[in-house]
Amino acid sequence: MLSILIPIKTESDVVTIRSKVREITGGLGFDELDQSRIVQSVSELALNVVHHAEEGTVLIEPLDREGRRGIRMVVQDFGPGMAETEPILRMSETPSVVEGHGLRQVRELMDEFVIRAVNGKGTCVQVSKWLTVAAMEVEE
Ligand SMILES: Nc1ncnc2c1ncn2[C@@H]1O[C@H](COP(=O)(O)OP(=O)(O)O)[C@@H](O)[C@H]1O
Ligand SMILES: [Mg+2]
């Protein structure tokens, strides 16, 4: 599979992205539960672009590191960014009704989570997930 870049501007783009990511993760061999976790994550990040920035992109690429396979998704926008991301993510013990639930949930759902936001310049969230050894054996 080659990397693909999908623009994000409206909620209907998010629908397209969800189904594309569902298809790709299925093809890579992720089980149903992991497919849902990955789809939920990209959906949340893309909706953040629609709601909190104006437009952006998602880059979806397969990973293959020393025989370990996975997927990486990079969601980027040039919207308002954030002054500080740590307080949002640090609220992990507080009830999920407060803002910041979406990003924290994505961090829980994925194996790797890196957020870079520059106030006034934009936000970039990079997440990845690896196939479990069991999932890789199913294919072999
Ligand atoms: N792409 C983004 N651009 C600017 N601000 C963002 C972006 N994503 C998230 N934020 C800010 O971080 C907060 C927390 O995001 P999130 O955890 O997804 O919760 P929610 O979207 O429900 O508010 C948002 O309320 C918003 O202020
Ligand atoms: Mg959100």
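As recorded in an unreviewed UniProt entry, the protein goes by Serine/threonine-protein kinase RsbT and comes from Kroppenstedtia eburnea.

So, the environment of L28
Positionally, L28 belongs in helix α1 (residues 11-28). Among the residues examined, L28 registers a relative accessible area of 13% and is labelled buried. L28 sits 100 residues away from S128 along the chain, and the two C-alpha atoms are 13 Å apart.

Details of the coordination of the magnesium ion (ligand 2)
In this structure, E44 (OE) and N48 (OD1) serve as the protein donors to the magnesium ion (ligand 2), at separations of 2.0 to 2.1 Å. With E44 and N48 both in helix α2 (residues 32-52), this residue pair falls four residues apart, about one helical turn. With respect to class, E44 is no different from N48; both count as buried.

Regarding the site of ligand 1
Neighbouring ligand 1 are 13 residues; E44, N48, H52, D77 and L103 lie closest to it. H52 has a polar side-chain atom sitting 2.8 Å from an oxygen atom of ligand 1. A distance of 3.2 Å separates an oxygen atom of ligand 1 from a polar atom in the backbone of G102. Going through the elements one at a time, α2 and α4 (101-109) are the ones with two or more residues in the shell around ligand 1. By residue class, the composition of the shell around ligand 1 is three nonpolar, seven polar and three charged.

So, the packing of α2 against α4
Where α2 contacts α4, the two axes come as close as 9 Å, and the packing angle between them is 150°. By the angle between their axes, α2 is roughly antiparallel relative to α4. When the axes of α2 and α4 are compared, the crossing they make is left-handed. In this structure, α2 contributes R37, Q40, S41, E44, L45 and N48 to the contact, and α4 contributes G102, L103, Q105, V106 and L109. Taken together, the residues of the contact of α2 with α4 sort by class into four nonpolar, five polar and two charged.

Quick look at the sheet that holds strand β4 (residues 112-118)
To summarise the sheet geometry, strands pair through backbone hydrogen bonds and adopt either a parallel or an antiparallel arrangement. Within the open sheet, the five strands sit side by side as β1-β2-β3-β5-β4. Their pairing is antiparallel. Two strands lie at the open edges of the sheet, namely β1 (4-8) and β4, each paired on one side alone. Strand-to-strand twist across the sheet, computed as the mean angle between neighbouring axes with direction ignored, equals 15°. Relative to strand β3 (residues 68-77), strand β2 (residues 56-65) runs antiparallel, the two sharing ten bridges. Bridge pairing in β3 places G56 opposite D77. Packing of α1 onto the sheet brings it into contact with β1, β2 and β3, and relative to β1 it is tilted by some 155°. Docked against the sheet, α4 engages β4 and β5 (122-130), running at close to 145° with respect to β4.

Calculation criteria
Residues numbered from 1 in each chain as written. Chains lettered and ligands numbered in written order. Predicted model: local features only at pLDDT ≥ 70, side-chain atom pairs only at ≥ 80, totals over all residues. Heavy atoms only, no water. Helix = DSSP H or I, 4+ residues; strand = E, 2+ residues; numbered from the N terminus. Buried < 20%, exposed > 50% of the residue type's maximum accessible area, 1.4 Å probe, protein only. Donors = N, O, S within 2.8 Å, 3.2 Å for Na, K, Ca; no water. Near = heavy atom within 4 Å. Polar contact = N/O pair within 3.5 Å; in protein donor to acceptor, adjacent residues only side chain to side chain. Nonpolar A, V, L, I, M, F, W, Y, C, P; charged D, E, K, R; others polar. Axes fitted to C-alpha atoms, helices over the stretch in contact; angles between N-to-C directions. Parallel < 35°, antiparallel > 145°, perpendicular 65-115°, else oblique. Left-handed = near helix turned anticlockwise from the far one by under 90°. Contact = heavy atoms within 4.5 Å. Pairing = 2+ DSSP bridges.

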